[in-house]
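Letter by letter, the chains look like this.
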Protein chains: 2
Amino acid sequence: MNLQDVRLYIGLVHYPVYNKRMQVIATSVTNLDLHDISRSATTYDVAGYFVIHPHQAQQRLVGEILRYWMEGYGAEYNPDRREALERLKVTATLEEAMAVIEEKEGRRPKIITTDARTYDNSVGYRQMRERFVAEEGPWLLLFGTGFGMEREMMLQADYILYPVWGRGSYNHLSVRAAAAIILDRLLGEPWFEGDFCVPCSATESSE
Amino acid sequence: MNLQDVRLYIGLVHYPVYNKRMQVIATSVTNLDLHDISRSATTYDVAGYFVIHPHQAQQRLVGEILRYWMEGYGAEYNPDRREALERLKVTATLEEAMAVIEEKEGRRPKIITTDARTYDNSVGYRQMRERFVAEEGPWLLLFGTGFGMEREMMLQADYILYPVWGRGSYNHLSVRAAAAIILDRLLGEPWFEGDFCVPCSATESSE
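Residues numbered from 1 in each chain as written. Chains lettered and ligands numbered in written order. Predicted model: local features only at pLDDT ≥ 70, side-chain atom pairs only at ≥ 80, totals over all residues. Heavy atoms only, no water.

Draft legend 1. Seen up close, the overall build of chain A. When its secondary structure is counted, chain A shows nine helices and nine strands. In terms of its C-alpha atoms, chain A occupies a principal-axis envelope of roughly 50 × 50 × 40 Å. When each of the 207 residues of chain A is scored for burial, the buried share is 55%. Long-range pairs, those at least 24 residues apart, make up 79% of the contacts in chain A with a sequence separation of at least 6. Within the structure as shown, chain A displays about 9,000 Å² of accessible surface, and the carbon and sulfur contribution to it stands at 46%. Across chain A, the centroid of the 22 positively charged side chains sits 6 Å from that of the 29 negatively charged ones. (Helix = DSSP H or I, 4+ residues; strand = E, 2+ residues; numbered from the N terminus. Buried < 20%, exposed > 50% of the residue type's maximum accessible area, 1.4 Å probe, protein only. Contact = heavy atoms within 4.5 Å. Areas by Shrake-Rupley, 256 points an atom, 1.4 Å probe, with all protein chains shown as cover. Lys, Arg positive; Asp, Glu negative; His and termini not counted. Charge placed at Lys NZ, Arg CZ, Asp CG, Glu CD.)

Draft legend 2. Up close: the sheet that holds strand E4 (residues 48-52) of chain B. Residue and element names in this part refer to chain B. The sheet built from seven strands is open, its strands ordered E5-E4-E1-E8-E6-E9-E7 with parallel pairing. In this open sheet, the two edge strands, each paired with only one partner strand, are strand E5 (88-91) and strand E7 (122-123). Summarising the sheet, strand E1 (residues 8-13) and E4 pair through five bridges and their orientation is parallel. Considered in E4, the bridge of Ile 10 is made with Tyr 49. Across the face of the sheet, helix H6 (residues 125-134) comes into contact with E1, strand E6 (110-114), E7, strand E8 (139-144) and strand E9 (159-161) while running at roughly 145° to E9. (Pairing = 2+ DSSP bridges. Axes fitted to C-alpha atoms, helices over the stretch in contact; angles between N-to-C directions.)

Draft legend 3. Broad picture of the packing of H6 of chain B against helix H8 (residues 175-187) of chain B. Residues and elements named next belong to chain B. As a packed pair, H6 and H8 sit with axes 8 Å apart at the nearest point and diverge in direction by 55°. In terms of their interaxial angle, H6 and H8 are classed as oblique. Contacts from Tyr 125, Met 128, Arg 129 and Phe 132 of H6 reach H8 at Ile 182, Asp 184, Arg 185, Leu 186 and Leu 187. Split by residue class, the contact of H6 with H8 holds six nonpolar, no polar and three charged. (Parallel < 35°, antiparallel > 145°, perpendicular 65-115°, else oblique. Nonpolar A, V, L, I, M, F, W, Y, C, P; charged D, E, K, R; others polar.)

Draft legend 4. Fine view of the pattern of salt bridges. Across all of its chains, the model carries 22 salt bridges over all chains by this definition. A salt bridge links Arg 176 of chain A to Asp 33 of chain A; the nearest nitrogen and oxygen atoms lie 2.6 Å apart. Placement of Arg 176 of chain A in helix H8 (residues 175-187) and of Asp 33 of chain A in helix H1 (residues 31-43) is noted, with a sequence separation of 143 residues between them. The same class applies to Arg 176 of chain A and to Asp 33 of chain A, which are both buried. A salt bridge links Arg 185 of chain B to Asp 184 of chain A, with the nearest nitrogen and oxygen atoms 2.7 Å apart. Taken as a pair, Arg 185 of chain B in helix H8 and Asp 184 of chain A in helix H8 lie in two separate chains rather than in one. Using a relative accessible area of 0% as the deciding quantity, one classes Arg 185 of chain B as buried. (Salt bridge = Lys/Arg side-chain N within 4 Å of Asp/Glu carboxyl O.)

Draft legend 5. Quick peek at the nonpolar core. One finds Leu 8, Ile 10, Phe 132 and Leu 141 of chain A together with Leu 8, Phe 132 and Leu 141 of chain B to be the most contacted residues of the largest nonpolar core, which totals 88 residues. Discounting residues that sit within four places of it in the chain, Leu 141 of chain B has contacts with Leu 8, Tyr 9, Ile 10, Gly 11, Ile 112, Thr 113, Leu 161, Ile 182, Leu 183 and Leu 186 of chain B. (Core = buried A, V, L, I, M, F, W, Y, C linked by side-chain atoms within 4.5 Å.)

Draft legend 6. A look at the packing of aromatic side chains. Counted under the stated rule, the structure contains 17 aromatic pairs over all chains. Ring plane angle 75° and centroid distance 5.1 Å describe the contact between Trp 191 of chain A and Phe 192 of chain B, whose orientation is recorded as edge-to-face. One end of the pair, Trp 191 of chain A, is in the loop between H8 and helix H9 (198-202); the other, Phe 192 of chain B, is in the loop between H8 and helix H9 (198-202), on a second chain. Phe 192 of chain B shares its class with Trp 191 of chain A; the two are buried. Aromatic ring contacts, followed pair by pair, group Tyr 125, Trp 191 and Phe 192 of chain A together with Tyr 125, Trp 191 and Phe 192 of chain B into a single cluster. The lysine or arginine in question, Arg 185 of chain A, covers the ring of Tyr 125 of chain A, its NZ or CZ lying 4.9 Å from the ring centre. A cation sits over an aromatic face here: Lys 20 of chain B above Tyr 77 of chain A, 4.4 Å from the ring centre. (Phe/Tyr/Trp six-rings, centres within 6.5 Å; stacked < 30°, edge-to-face > 60°. Lys NZ or Arg CZ within 6 Å of the ring centre and 35° of its normal.)

Draft legend 7. View of the interface of chain B and chain A. With 64 residues of chain B at the contact, the number on the chain A side is 64 residues. For the pair chain B and chain A, the summed buried surface comes to about 5,900 Å²; carbon and sulfur atoms form 52% of the total. Considering only the side of chain B, the residues that lose the most area to chain A are Arg 167, Tyr 170 and Trp 191 of chain B, jointly responsible for 18% of the buried surface there. On the surface where chain B and chain A come into contact, there are six salt bridges. For the interface between chain B and chain A, the tally reads 34 residue pairs in polar contact (both at pLDDT 80 or more). For the side of chain B that touches chain A, the elements supplying multiple residues, two or more each, are helix H1 (31-43), helix H4 (79-85), H6, H8 and H9 of chain B. Element by element, the count of residues in the side of chain B that touches chain A is highest for H8 of chain B, at seven residues. Residues of the side of chain B that touches chain A, tallied by class, amount to 27 nonpolar, 16 polar and 21 charged. (Buried area = accessible area lost by both parts, 1.4 Å probe. Polar contact = N/O pair within 3.5 Å; in protein donor to acceptor, adjacent residues only side chain to side chain.)

Here it is, written out as structure tokens:
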């Protein structure tokens, strides 16, 4: 399997997640989570983006936003946005998202997630790129909202990615930023192997 | 110079930028650009984040948002957010941002930017990490809003980073996602060198 061909889905989990007091809650949908994460998902050719929320009112809200950009004025004004949001689907549960993937791919996905702590099945990003090539997919990469997914859900994962570290001890990336960085580390061009430049060969040099 | 010690500032340019018809405009401030990019900047220990906007009404809007999170209820409710927004400063022009940096650092910053096209002074991310170590800073990394910075502003840059490529041809990351990915490529831990894990040595393993 080539990294270009890996079938990776992502899911944004709104329930069950912790709040800052470590109580289990459902978080609200944030408009820019839909847009930004869809655009990142499309850039990294993610096979599908599931917004996982158990409440019907929140599911309807996502549906209304999607309709504006898929069929309403938004679709005409910004077709790039429509292309990105096309891969977004709302499900009530993780199980429902997995069933959709299984229906499409003929196999249940292996689950990858992230956490601020390390576990026995924690893996680095380089190692996960190698897993993608060595193992059969499909894959479902989960991001938690709020203060992270409930522990029981974490423990269902086949692989848990190491936390993303920058410089220093501050570690409060938005889920939009974290999703972008993690997709880049897992599926991005191998820029780290040298002065790799996709467009240099494809586009003419200006200036 | 060690990569840990590099003095990098970032700037979000609202004017002069292009709209989709390649007219030069000023874009509006987006609330989550302030929050998300401040949080990413703090994670990667960026020395300062300049929001560059020539219009006083937009400057005031940023000021009001900042006051809520720095002094209002937001500061009490979410001190992590205050810590992130502390490094945000509004300036009217790029020149004003450069003057603030020069005042603080004793040197004018070298300018880095990004573009969808490649130029004679285009560099890869690996190469830029090496420049950081080899050359004296400080540095100012600029992100354009809208459909990108005006060409004259681009040409003032000392280095122009290659575009970020994922998989496939879709290339419409949000500026929040692009900023996160670029900071990770330039200043993030060297995860690509193997199964590098900062917290593994620092925190106890659970499970």
